[in-house]
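Here is what each chain is made of, one letter per residue.
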Amino acid sequence: MAAEIKGHIHSLESFGTVDGPGVRFVVFLQGCPMRCKYCHNPDTWQPGLGTEMTTDEILTQYARNASFYKRGGITCTGGEPLLQMDFVLELFRKAKAKGIHTCVDTSGITFRADDPTQLARFDALCEVTDLFLLDIKHAESEAHKELTGQCNDNILAFARYLAAKNQPMWVRHVVVPGITDSEAEWTALGTLLAELPNVKALEVLPYHTMGVAKYEKLGIDYPLQGVPALDKKTAVRAREVILAARKKALNG
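Below: a short report on this structure. From a predicted model like this one, the values you see are computed outputs, not experimental measurements.

## Some words on the packing of helix H6 (residues 183-193) against helix H8 (residues 232-250)
Piece 1. Their axes nearest at 7 Å, the elements H6 and H8 cross at an angle of 45 degrees. What the angle tells us is that H6 and H8 run oblique. Handedness of the H6/H8 crossing: right-handed. Counting all contacts with H6, which are made through Glu183, Trp186, Thr187, Leu189, Gly190, Thr191 and Leu193, the residues of H8 involved are Thr234, Arg237, Ala238, Val241, Ile242, Ala245, Arg246 and Ala249.
Piece 2. Grouping the amino acids of the contact of H6 with H8 by side-chain chemistry returns 8 nonpolar, 4 polar and 3 charged.

## Concerning H6
Residues spaced three or four apart along an α-helix face the same direction, because each turn holds 3.6 residues.
Piece 1. Those residues of H6 not exposed but buried are Glu185, Trp186, Leu189, Gly190, Leu192 and Leu193. All buried residues of H6 fall inside an arc of 160 degrees around its axis, so they share one side.
Piece 2. On its buried face, H6 sits against helix H5 (153-164), strand E7 (169-175), strand E8 (199-206) and H8.

## Focus on the packing of aromatic side chains
Piece 1. Inspection of the entire model under this criterion finds 14 aromatic pairs.
Piece 2. For the pair Phe122 and Tyr161, a centre-to-centre distance of 6.5 Å together with 80 degrees between the ring planes defines the contact as edge-to-face. Here the residue Phe122 occupies a position in helix H3 (residues 116-128), and Tyr161 occupies one in helix H5, the gap between them amounting to 39 residues. Note on accessibility: Phe122 and Tyr161 belong to one class, buried.

Conventions we followed
Chains are numbered independently. Their residues run from 1 in the order of the written sequence. Two thresholds apply to this predicted model, a pLDDT of at least 70 for residue-level local features and 80 or more for giving and counting side-chain atom pairs, whereas whole-chain, interface and lining totals are computed over all residues. Derived side-chain values reflect all non-hydrogen atoms in the structure, with water molecules and hydrogen atoms excluded from consideration. Comment: axis = line fitted to C-alpha atoms, over the contacting stretch for helices; angle = value between 0 and 180 degrees taken between N-to-C directions. Strands are runs of DSSP state E lasting at least two residues, helices are runs of H or I lasting at least four, and both sets are numbered from the N terminus onward. Throughout, the term roughly parallel applies to angles under 35 degrees, roughly antiparallel to angles over 145, roughly perpendicular to angles from 65 to 115, and oblique to all others. What makes a crossing left-handed is the near helix being turned counterclockwise from the far one by less than a right angle; a clockwise turn instead makes it right-handed. Between two residues, a contact is recorded if the distance between any of their heavy atoms is within 4.5 Å. For this classification, Asp, Glu, Lys and Arg are treated as charged, while Ala, Val, Leu, Ile, Met, Phe, Trp, Tyr, Cys and Pro are nonpolar and the rest, including Gly, are polar. The rule is simple: take the accessible area with a 1.4 Å probe, protein chains only, and divide by the maximum for that residue type; under 20% is buried, over 50% is exposed, in between is partly exposed. Directions pointing from the helix axis toward each C-beta atom define the arc. Aromatic pairing here means that ring centres of Phe, Tyr or Trp (its six-membered ring) are within 6.5 Å. Orientation follows from the plane angle: under 30 degrees is stacked, over 60 is edge-to-face, and everything else is tilted.

Encoded structure:
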């Protein structure tokens, strides 16, 4: 008998309302290769920490409040949940067998189109995932690296892979003062989104400073010290510009 797969779980949220449609059971997995300057969960970065749980233990916790999730489901997020791909695959296979809506919130950073073994695992993931939430931090590669510590080549390849497979996807983008708050950057993102007909929603989120206390507690310097939270009006404006650029690119 094969050993049970155990995931390293940072935390669980029973009534999530911002990680996919409806009320959701949200699984925060431990570990992330990104170092986004505005990350508000630095305690999820280190792999191998957290509570070890099996997929059955996760589903038992889900079942306790299953009646609340009729229009929702399970979301795996992090950290970067696809660092623990085998665990997510097993969890989602079991969830789909029970008729549970599945969603993964990912940066796409682990995608490797040139690795047949890894690509096969992503193909398998698509078969059991109802919705992908993809965080696109910056449309330009070098600026993305400056913001997150990683280039966005694999991320954009993943976005195009999902588009080719017609996998439903929501795109998320955080507007940070002085970093991603220019109309040129928004226009570039909108032009990129024109290549992705599978995008069902766009969430443009204002940068906030709620994670600062965590950095202080962990003894880590906060990279954006002194950068003010973004007002919601600017986030609304950004979304308008992004969608207008997408429409313009689609119309030629």
